Amino acid sequence: MSNSLIAVVVFAVTLATSVAFVYKTTDLFNRLGLVDKPGPRRVHTTPVPRGLGVAIFLAFLVGIAMTYILPVERQPRETERILLMIVGAAIIVGVMLVDDAISLGPGVKLVWQIIAAAVVILPRLRSPDHGIVIEQFNMPFFGTVSIPLLIALVGTFVWLVGLMNVMNWVDGLDGLAGSVTLVACAILFIHTFWGPDSLPQFTISLLPLALGAAILGFLPFNWHPARVIMGDAGAMFLGFVLGVIAIIGGAKIATALLVLGLPLLDGLWVVTYRWLNGRSPMKADMGHLHHRLLASGIGQRAIVLFVAGTSALFGASALLLPSPVLKAVSFGLIGLVLLATVG
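Residues numbered from 1 in each chain as written. Predicted model: local features only at pLDDT ≥ 70, side-chain atom pairs only at ≥ 80, totals over all residues. Heavy atoms only, no water.

Asks: I keep staring at the nonpolar core and nothing clicks. Help me out?
Replies: What tends to happen in soluble globular proteins is that the nonpolar side chains get buried as a cluster. Among the nonpolar cores identified, the biggest contains 95 residues, and L211 and F237 are the most heavily contacted of them. The element contributing the most residues to this core is helix α8 (residues 231-248), with 13 residues. Contact partners of L211, with chain neighbours within four places excluded, come to F60, T181, C185, F237, L238, V241, L242 and I245. (Core = buried A, V, L, I, M, F, W, Y, C linked by side-chain atoms within 4.5 Å. Buried < 20%, exposed > 50% of the residue type's maximum accessible area, 1.4 Å probe, protein only. Helix = DSSP H or I, 4+ residues; strand = E, 2+ residues; numbered from the N terminus. Contact = heavy atoms within 4.5 Å.)

Laid out in structure tokens, this is it:
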């Protein structure tokens, strides 16, 4: 069975499963009353089922299971890393589903984010063959830079927890978090399936492929006007898994940074603005880029297409630009796009 055929089967099964899970979960959550009601920070005008990120998670698990049913040859460490990712993701989905139901405080959510990150990071303390940690990255003018273990551990915590919160902030308009993540999955799949410099990573490529298929099955239900909402259970799950996949895929951190550059810089700008104005960085408001664009009169679909299109453009630059210096320049251009948009 060829790699291409395996990829097609995994994608098709995961996509179909995602659609089925969304239908079933929507009915269940409606009966349970787990719905998101209109409010000051809500863009929908009628109650819709909330927490449908669990459907994406379950479909993703089915996709991973398919990669073990099909004849896929794996490296020895891959199964352990995938299991660690699943356990951490399950913690996030479970806790944040409770948050979607009864609204946990930001401090409680942060603690569980750190716990989920610890699940995948701390096994590295046993030996170099365990755990998932950012231990090296490509830096402009310096090439590949190795990081001391302690700094690597802290940096990986910051990367995973930060990405979970960024994706949660992005989930402010119908279809926005799903669209941005779908673009990231497509770029990471291309980067690992074909690989730079003729170094494909087929087994790794199946992870963003399965995640992208799970999102694609959900997205039509979440497109404006949304019939379902992924909630914190979905948004933080997407951030966590994207962060882990970027590390597992041979430190594709630069690629992920370029694809998610606009929401990452937007989140950093908003947190800094709150702090400089004496407000808690954790307290939600309507200051994010998508909120500002919406307040200016631009429609939700247009905003989603703009942000996802920008992510796709800079994600493509990660594939096409051979030099880390050029990638750094591209990341700077993302900052200029953000300034031009919110200025």
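Asks: How do you make sense of the environment of G155 when you look at a structure like this?
Replies: Examined against the element boundaries, G155 turns out to sit in helix α5 (residues 149-170). Residue classification places G155 among the partly exposed residues on the basis of a relative accessible area of 33%. Sequence separation between G155 and E135 is 20 residues, and the spatial gap between their C-alpha atoms is 9.1 Å.

Asks: Would you mind going over the packing of helix α3 (residues 78-102) against α8 with me for this structure?
Replies: A packed helix pair is summarised by two numbers, namely the angle formed by the two axes and the spacing between the axes. Across the interface, α3 lies against α8 with an axial gap of 7 Å and an inter-helix angle of 160°. On the basis of their axis angle, the class for α3 and α8 is roughly antiparallel. Between α3 and α8 lies a crossing of right-handed hand. Across from R81, M85, G88, A89, I92, V93, M96, L97, D99 and D100 in α3, the residues of α8 making contact are G231, D232, A233, M236, F237, F240, V241, V244, I245 and I248. Along the lines of polarity and charge, the residues of the contact of α3 with α8 split into 14 nonpolar, two polar and four charged. (Axes fitted to C-alpha atoms, helices over the stretch in contact; angles between N-to-C directions. Parallel < 35°, antiparallel > 145°, perpendicular 65-115°, else oblique. Left-handed = near helix turned anticlockwise from the far one by under 90°. Nonpolar A, V, L, I, M, F, W, Y, C, P; charged D, E, K, R; others polar.)

Asks: What am I meant to see in helix α2 (residues 53-69) here?
Replies: Residues that lie three or four places apart on an α-helix share one face, since the helix turns once every 3.6 residues. Spanning 17 residues, α2 covers 25 Å between terminal C-alpha atoms, matching the ideal 24 Å at 1.5 Å per step. When we look at burial in α2, the residues that qualify are G53, V54, A55, I56, F57, A59, F60, G63, I64, M66 and T67. Looking at the buried side of α2, the elements it contacts are α1 (3-32), α3, α7 (202-222) and α8. (Expected span 1.5 Å × (residues − 1).)

Asks: What is the right way to look at the pattern of salt bridges in this model?
Replies: Two side chains bearing opposite charge may form a pair once their charged atoms approach each other closely. A complete count under the given rule lists six salt bridges for this structure. Residue K109 is joined to D232 by a salt bridge in which the shortest nitrogen-to-oxygen separation is 3.0 Å. Of the two residues, K109 is situated in helix α4 (residues 106-121) and D232 in helix α8; the sequence distance between them amounts to 123 residues. Judged on exposure class, the residue K109 and its partner D232 are both buried. Between R124 and E135 there is a salt bridge; the shortest N-O distance is 2.9 Å. One end of the pair, R124, is in the loop between α4 and β3 (136-139); the other, E135, is in the loop between α4 and β3, with eleven residues separating them in the sequence. In this structure R124 comes out as buried when scored by relative accessible area, which is 11%. Residue classification places E135 among the partly exposed residues on the basis of a relative accessible area of 28%. Each of R50, D99, D100, K109 and D232 takes part in salt bridges that share partners, so that together they form one network. (Salt bridge = Lys/Arg side-chain N within 4 Å of Asp/Glu carboxyl O.)

Asks: Just checking my understanding: could you explain the packing of α1 against α2 for this structure?
Replies: Remark: α1 packs on α2, axes separated minimally by 8 Å, with the N-to-C direction vectors making an angle of 150°. When the axis of α1 is compared with that of α2, the two are roughly antiparallel. For the crossing formed where α1 meets α2, the hand is right-handed. Contacts between α1 and α2 pair V9, V10, V13, T14, T17, S18, F21, V22, T25 and F29 from the former with V54, A55, L58, A59, V62, G63, M66 and T67 from the latter. Split into classes, the residues belonging to the contact of α1 with α2 amount to twelve nonpolar, six polar and no charged.

Asks: Any chance you could explain the environment of M167 here in plain terms?
Replies: Residue position: M167 is located in helix α5. When the C-alpha atoms of M167 and L238 are compared, they prove to be 7.0 Å apart, with 71 residues separating the residues in sequence. Once residues lying within four places of it in the same chain are set aside, the contact partners of M167 are A177, T181, A235, L238, G239 and L260.

Asks: What's the story with the side chain of H130 in this structure? I'm lost.
Replies: Looking at the secondary structure, you find H130 in the loop between α4 and β3. A distance of 2.7 Å separates a polar atom in the side chain of H130 from a polar atom in the side chain of E80. Apart from the residues within four sequence positions on either side, H130 is in contact with R77, E80, P123 and R124. (Polar contact = N/O pair within 3.5 Å; in protein donor to acceptor, adjacent residues only side chain to side chain.)

Asks: Explanation requested: the packing of aromatic side chains in the structure shown.
Replies: Both the distance between ring centres and the angle between the ring planes are used here to describe each pair of aromatic rings. As enumerated under the stated definition, the model contains seven aromatic pairs in all. Between Y23 and F221, the aromatic rings sit 5.1 Å apart at their centres with planes inclined by 85°, giving edge-to-face as the arrangement. Linking Y23 in helix α1 with F221 in helix α7, this pair joins segments that are 198 residues apart in sequence. Among the residues examined, Y23 registers a relative accessible area of 49% and is labelled partly exposed. (Phe/Tyr/Trp six-rings, centres within 6.5 Å; stacked < 30°, edge-to-face > 60°.)

Asks: Before we go on, may I ask you to explain unusual backbone geometry in this structure?
Replies: Peptide bonds are trans in most cases, and residues, glycine excluded, mostly fall at negative phi. Note that the residue after H224, namely P225, is joined by a cis bond; omega there is -5°. Relative to the elements of secondary structure, P225 occurs in the loop between α7 and α8. Notably, S103 is not glycine yet its phi reads approximately 65°, a positive angle. Counting through the fold element by element, S103 comes out in the loop between α3 and α4. By relative accessible area, which is 59% here, S103 ends up exposed.

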